[in-house]
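Analysis of the macromolecular model
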Amino acid sequence: GSKHTTTPADNYYLARRRTLQVVVSSLLTEAGFESAEKAAVETLTEMLQSYISEIGRSAKSYCEHTARTQPTLSDIVVTLVEMGFNVETLPAYAKRSQRMVITAPPVTNQPVTPKALTAGQNKPHPPHIPGHFPEFPDPHTYIKTPTYREPVSDYQVLREKAASQRRDVERALTRFMAKTGETQSLFKDDVSTFPLIAARPFTVPYLTALLPSELEMQQMEETDSSEQDDQTDTENLPLHMSTDDSGPEKENASVLQQNTSLSGSRNGEENMIDNPYLRPVKKPKIRRKK
Amino acid sequence: RMNRKKGDKGFESPRPYKFTTHQVVCINNINFQRKSVVGYVELTIFPTVANLNRIKLNSKQCRIYRVRVNDLEAAFIYNDPTLEVCHHESKQRNLNYFSNAYAAAVSAVDPDAGNGELCIKVPSELWKHVDELKVLKVHINFSLDQPKGGLHFVVPSMEGSMAERGAHVFSCGYQNSTRFWFPCVDSYSELCTWKLEYTVDAAMVAVSNGDLVETVYTHDMRKKTFHYMLTIPTAASNISLAIGPFEILVDPYMHEVTHFCLPQLLPLLKHTTSYLHEVFEFYEEILTCRYPYSCFKTVFIDEAYVEVAAYASMSIFSTNLLHSAMIIDETPLTRRCLAQALAQQFFGCFISRMSWSDEWVLKGISGYIYGLWMKKTFGVNEYRHWIKQELDQIVAYELKTGGVLLHPIFGGGKEKDNPASHLHFSIKHPHTLSWEYYTMFQCKAHLVMRLIENRISMEFMLQVFNKLLSLASTASSQKFQSHMWSQMLVSTSGFLKSISNVSGKDIQPLIKQWVDQSGVVKFYGSFAFNRKRNVLELEIKQDYTSPGTQKYVGPLKVTVQELDGSFNHTLQIEENSLKHDIPCHSKSRRNKKKKIPLMNGEEVDMDLSAMDADSPLLWIRIDPDMSVLRKVEFEQSDFMWQYQLRYERDVVAQEEAILALEKFPTPASRLALTDILEQEQCFYRVRMLACFCLAKIANSMVSTWTGPPAMKSLFTRMFCCKTCPNIVKTNNFMNFQSYFLQKTMPVAMALLRDVHNLCPKEVLMFILDLIKYNDNRKNKFSDNYYRAELIDALANSVTPAVSVNNEVRTLDNLNPDVRLILEEITRFLNMEKLLPSYRHTITVSCLKAIRVLQKNGHVPSDPSLFKSYAEYGHFVDVRIAALEAVVDYTK
């Protein structure tokens, strides 16, 4: 693929790949191969590259895990062990007699990443961030400039809007339902002005009549939880004030204790309930033939 | 006869035998598909006379396969005369003939007269055995197919097993109707202990009376048998059964109480029954007696015969009483039902009655203690309001039909001795009564108990109840001594004896007046103030010649509110004295600036400018404590009614004043009513009533009315936003008093009419805006009742259409206001299909509104819509509303 114009970075990667190819070829030679198809060499190169990359990635993770930035030997060792490689065989392998020595690849310059357009002053690190952390990005990447309009907060308009929105939705929905299903009409000559969705009997009529709708259930939960929040808030308030000295940890502990004792006693009660309808059903007695 | 001494207070059984130990009922097969039941009963009978050769039992609609007495096959005859009441009679097709024939048929099988539909011949081999008065065991195999009464099957037609479909069956019926589902002596006075066995599908639960001893699988493990034992002697009529795939809830406060409901309703059951333990505590405390049974079960079922049915140690309720915490209106109604059911556990189930004519005692006591519970739970105002309501009802009924007799005495069974010849039915049997009569009978019974309480004090009253209960519970623990069990039956004479023993008072005149004879009292009162003598000349007339009335002779309390205070006077109502002189305490207008002392000791400032300058009388009340079953029509001036409304603290007096003010459409009445409406301390029902009176007054004053339509500015002030008065606040129903007022005011406002007798446009737009801006998102409670009442308000605003030559109603000539109303009704009714409201209250209101539009000629009068909503499969409230609309076409 040299017909394309190549960048320095591309060259760098190509050179590295070429070196790997040489390594694979020499290892093949060492293993006694005289020739190999290009595709096979490519595949092996790919595998070798993946393997080395994985060692690098993994070693980096280990080192970062222990809050360092530079991998040490032990990181590499742990990585190799983790990858199922027997580390002890490595020195012997490195010193094997028939090994081929490859010349170091020609030193090419590290590709230079072109400097991004800087806009504005980068923010310096605040004191609690160590210096080795990357710098803040350019301000334009995170500074926001709101452009929307002020939301409408006038109560009357809001209520008006909510009311007409709901009405429109309900009207549209019921009209749609009426159009797509059976209808009844109050006027014989007209079925479309006031279409009534046809009355359909239920198989179990009391269920729909008694159970709260899902919407209501949701609403109930919301109002319930908000109420509970209010309650706990007000309940906690004096507690906070009185236990100012003892600190938050102690307080948490006492609350926890209370909770466990409560649930414990409740469980105990449940176990004690002796109600004939909760008792297990007995197995039939086996009749003995005389 | 047995060694019964004369004057023995024990109960004389009409039968030549009685039960000892117990009766076994075993239902071993229930087929929901075919709606059939197969089982047997075994009765242990103890002859009380020699030569007993026939045993009569009650049984209806059962097929009897086989009867054995002590293992010997016995011949039997089955005859139910009520199946063919008139015997092919074709000449006399009138109600009177039918009524007599029906009463005769019911008498012919009356267990309290020793009769029955099933007559069993004792096998001759056993005659000797009988002569020795030895025990007989009667074993009857029976089945039941598609029962028409007594046992009701609910089988939804859908896919799945019977349990998955929520199929269930329960016993039901009016009075003693246990004979509909198994052979028995179907009388409230024949007690015995019971062993009850039901074999049902393994996914189902059988709930019945007494203790569940054990549940055992059948050999194929597909069914299980529920074994119940009821060791407290109980009448067959108090035996009940409910079988279904019930969800089970053990009451968290009382583990011996178990609640049952149909699948998916458990959360509602939890909420609904969470209150029951308080009712238990209340009754046990006032009766100083523990609940008599070792357990209690509540079962909530669909298609209930009545909302509440009480049986020994269990009650069957309509599933429609269940509700979630979001529902306001149903909550007090359901709690009332629970409390009623529990009161009947003590009096009605545990204590039964000796005969039908003693029924009033049981209904009276259970109704009375239920009233005490109501007073404690909902307050004195609610209690007095309820008593007044019940009183008005019984008075209206008796004046209409001619009297309700609590304790009828029947002589010889001849028709001319009929103590209630004014009725078109016989009152000799519970089964010949009209339902309405029986409802009113119960109403009168508890009101009379309250009159007895007034006479002997509540303390003595409760002592009497306690005595009845403790005698009964001592008797109930006596095993195998069935002669003691009659202590568990209450009779009128026993009850009265107990009252006289406990209180030492003679209440015979009271009993004679209200229990032994029917009728109510109708008073007409008027007065004049004699300034010279400083005397109030009160005239009290009675109408005792109209049907349903009786003459009252005796004390009558009159309360007079004067400038110097409130004074009670007890007048003696006698044969020929109509006029009563009551000396007044205060001189007119003497102390202008002084505060006026009220009956309750409160002292208030009043604007006395409206008063008659010559009279010290502010208002007068006749029988303020409702100690007579009466109707009072009293005449006093409008300003007196206004003072009574504003300053009398008794809610009954306030309500009476409101009703009286309807006849005085003046600015002063308007002001008095508006002030009451605004007063937050005032009882909410009074305020609600004031709304409707205000609407009526406004209509009468329409030509002189100034300012916005009545109640509009008040409603705006109370319920609308401060900044935009045309928009109602988002719903918050935490304060129930204002919730009820918020619901009622628009309904009353819609009754306003302008000079053209139309609902003012302003009012209609106001109601439409309430609907438009209704916002329940932040509310803890459901607004379904509120929205339903807004629809009722729309219906109230409708006035007759102007019709030219009876033109056919079409869309083109639709009134624009009606168009707006129809738009709302259409949307509401359609939304109900997507988001149905609790008990479909909104559908119900929509149907009613549509009928109103039809009736007023805005919409073609076509019943087809109502017919479709009346079909089986719609919720019962909707069906009733639809049926009422259909029936309305006949009016």
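The structure presented is a predicted model; accordingly, all values stated were derived computationally and were not measured.

Reading the values: rules and limits
Residues numbered from 1 in each chain as written. Chains lettered and ligands numbered in written order. Predicted model: local features only at pLDDT ≥ 70, side-chain atom pairs only at ≥ 80, totals over all residues. Heavy atoms only, no water. Helix = DSSP H or I, 4+ residues; strand = E, 2+ residues; numbered from the N terminus. Buried < 20%, exposed > 50% of the residue type's maximum accessible area, 1.4 Å probe, protein only. Contact = heavy atoms within 4.5 Å. Expected span 1.5 Å × (residues − 1). Arc of directions from axis to C-beta. Pairing = 2+ DSSP bridges. Axes fitted to C-alpha atoms, helices over the stretch in contact; angles between N-to-C directions. Domains from an automatic or database assignment. Buried area = accessible area lost by both parts, 1.4 Å probe. Polar contact = N/O pair within 3.5 Å; in protein donor to acceptor, adjacent residues only side chain to side chain. Salt bridge = Lys/Arg side-chain N within 4 Å of Asp/Glu carboxyl O. UniProt positions renumbered as here; feature names shortened; annotations may be inferred. Nonpolar A, V, L, I, M, F, W, Y, C, P; charged D, E, K, R; others polar.

**Overview of the overall build of chain A**
Assigned secondary structure in chain A consists of eight helices and two strands. In chain A, the succession of α and β elements from N to C terminus is α-α-α-α-α-β-β-α-α-α. With 290 residues in all, chain A has 17% of them scored as buried. For chain A, contacts bridging at least 24 residues in sequence account for 33% of all contacts bridging at least 6.

**What about unusual backbone geometry?**
With a phi close to 45°, Asn-51 of chain B is a non-glycine residue in the positive phi region. Residue placement: Asn-51 of chain B occurs in the loop between strand E2 (36–47) and strand E3 (54–57).

**Observations concerning helix H22 (residues 876–888) of chain B**
Residue and element names in this part refer to chain B. Taking 1.5 Å per residue as the helical rise, H22 with its 13 residues ought to reach 18 Å, and the 18 Å between its terminal C-alpha atoms agrees with that figure. Those residues of H22 that sit buried are Val-878, Ala-881, Ala-882, Ala-885 and Asp-888. Viewed along the axis of H22, the buried residues span an arc of 115°, placing them on a single side of the element. Tucked into the core, H22 has its buried residues touching helix H20 (841–855) and helix H21 (864–870).

**Notes on the sheet that holds strand E18 (residues 296–301) of chain B**
Picture the strands of a sheet paired through backbone hydrogen bonds; they go either parallel or antiparallel. All names here are of chain B. Strand order in the open sheet formed by five strands is E16-E17-E18-E20-E19, with mixed pairing between adjacent strands. What marks the edges here is a single partner per strand, and that holds for strand E16 (247–250) and strand E19 (308–311). Neighbour-to-neighbour, the strand axes of this sheet turn through a mean angle of 15°, independent of strand direction. When E18 meets strand E20 (residues 314–318), the two strands line up parallel, connected through five bridges. The residue bridging Phe-300 from the neighbouring strand is Phe-317, located in E20. Running at roughly 30° to E16, helix H3 (residues 266–273) makes contact with E16, strand E17 (257–261) and E18 of the sheet. Strands in contact with helix H5 (residues 330–346) are E18, E19 and E20; relative to E19, the strand with the most contacts, it is inclined by about 25°.

**Some remarks on the domain arrangement of chain B**
All names here are of chain B. Examined at the domain level, chain B breaks down into domain 1 (14–79 + 117–245), domain 2 (356–515) and domain 3 (520–652). Look at where the C-alpha atoms of domain 2 and domain 3 centre, and you get two points 31 Å apart. Across the contact, 19 residues belong to domain 2 and 21 residues belong to domain 3. When the two sides are added together, the surface that domain 2 and domain 3 hide from each other amounts to roughly 1700 Å², 66% of it contributed by carbon and sulfur. In terms of surface lost to domain 3, no three residues of domain 2 exceed Arg-384, Leu-399 and Trp-514, which account for 35% of the buried area on that side.

**Some words on helix H16 (residues 736–749) of chain B**
Residues and elements named next belong to chain B. Taking 1.5 Å of rise per residue, the 14 residues of H16 would be expected to cover 20 Å, and the 20 Å separating its terminal C-alpha atoms lies within 8% of that figure. Within H16, 12 of the 14 residues are buried, which leaves the element mostly enclosed by the surrounding structure. Here H16 has its buried residues at Ser-738, Tyr-739, Phe-740, Leu-741, Gln-742, Lys-743, Thr-744, Met-745, Pro-746, Val-747, Ala-748 and Met-749. Between the side-chain oxygen of the N-cap and the backbone nitrogen of Gln-737 there are 3.0 Å, and the N-cap of H16 in question is Asn-735.

**Focus on the side chain of Ser-498 of chain B**
Residue and element names in this part refer to chain B. The residue Ser-498 is located in helix H9 (residues 492–503) in this model. For Ser-498, a relative accessible area of 6% corresponds to the buried category. Not counting chain neighbours up to four residues away, the residues in contact with Ser-498 comprise Val-464 and Lys-467.

**Some remarks on the environment of Tyr-785 of chain B**
Residue and element names in this part refer to chain B. Mapped onto the elements, Tyr-785 comes out in helix H18 (residues 784–796). In this structure Tyr-785 comes out as buried when scored by relative accessible area, which is 14%. Look past the residues within four positions of Tyr-785 in its chain and what remains in contact with it is Ile-327, Asp-329, Glu-330, Tyr-739, Lys-743, Tyr-838, Arg-839 and Thr-841.

**Let's talk about the sheet that holds strand E10 (residues 168–171) of chain B**
All names here are of chain B. What the four strands build is an open sheet, ordered E9-E10-E15-E12; its pairing is antiparallel. Strands at the two margins of the open sheet, each flanked by one partner only, are strand E9 (151–154) and strand E12 (205–208). In this sheet, adjacent strand axes meet at a mean angle of 10° when their direction is disregarded. The pairing of E12 with strand E15 (residues 241–244) spans four bridges and is antiparallel. Following the sheet pairing, Val-205 is matched in E15 by Gly-244.

**Points about the pattern of salt bridges**
All names here are of chain B. Under the counting rule described, the total for this entry stands at 53 salt bridges over all chains. For Asp-650, the salt bridge identified is with Arg-621, shortest N-O distance 3.1 Å. With Asp-650 in the loop between helix H11 (638–647) and helix H12 (651–661) and Arg-621 in strand E30 (residues 617–622), this pair connects stretches of sequence that are 29 residues apart. Here Arg-621 falls in the buried class, since its relative accessible area comes to 6%. For Glu-789, the salt bridge is made with Lys-743, and the minimal N-O distance between the two is 3.2 Å. Placement of the pair is Glu-789 in helix H18 and Lys-743 in helix H16, with a sequence separation of 46 residues.

**Observations concerning the UniProt feature "domain: Bromodomain associated" (unreviewed entry) in chain A**
Mapped onto the present numbering, the UniProt feature "domain: Bromodomain associated" (unreviewed entry) falls on residues 12–89 of chain A. Counting secondary structure, residues 12–89 of chain A comes out at 74% helix and 0% strand; the distance between its end C-alpha atoms is 32 Å.

**Regarding the pairing of strand E8 (residues 136–145) of chain B**
Residue and element names in this part refer to chain B. The buried count for E8 comes to seven of 10 residues, which makes it a mostly enclosed element. In this structure, E2 lies alongside E8, joined through 10 bridges in antiparallel fashion. Bridge pairing in E8 places Leu-43 opposite Val-138. Sheet analysis places strand E4 (residues 63–69) next to E8, joined by six bridges and oriented antiparallel. Directly across from Val-67, in E8, lies its bridge partner Ile-140.

**Details of the interface of chain A and chain B**
Facing the 60 residues of chain A at the interface are 90 residues of chain B. Summed over both partners, the interface of chain A with chain B buries about 6500 Å², with 63% contributed by carbon and sulfur atoms. In this structure, the connection of chain A to chain B is made through six salt bridges. As a salt-bridge pair, Glu-823 of chain B and Arg-171 of chain A come within 2.2 Å of each other at their nearest N and O atoms. Summed over the shared surface of chain A and chain B, the number is 20 residue pairs in polar contact (both at pLDDT 80 or more). Secondary structure elements with two or more residues in the side of chain A that touches chain B: helix H5 (155–180), strand E2 (196–197), helix H6 (205–210) and helix H7 (214–242) of chain A. Ranked by residues supplied to the side of chain A that touches chain B, first place goes to H5 of chain A with 14 residues. Looking at the side of chain A that touches chain B, its residues break down into 31 nonpolar, 10 polar and 19 charged.

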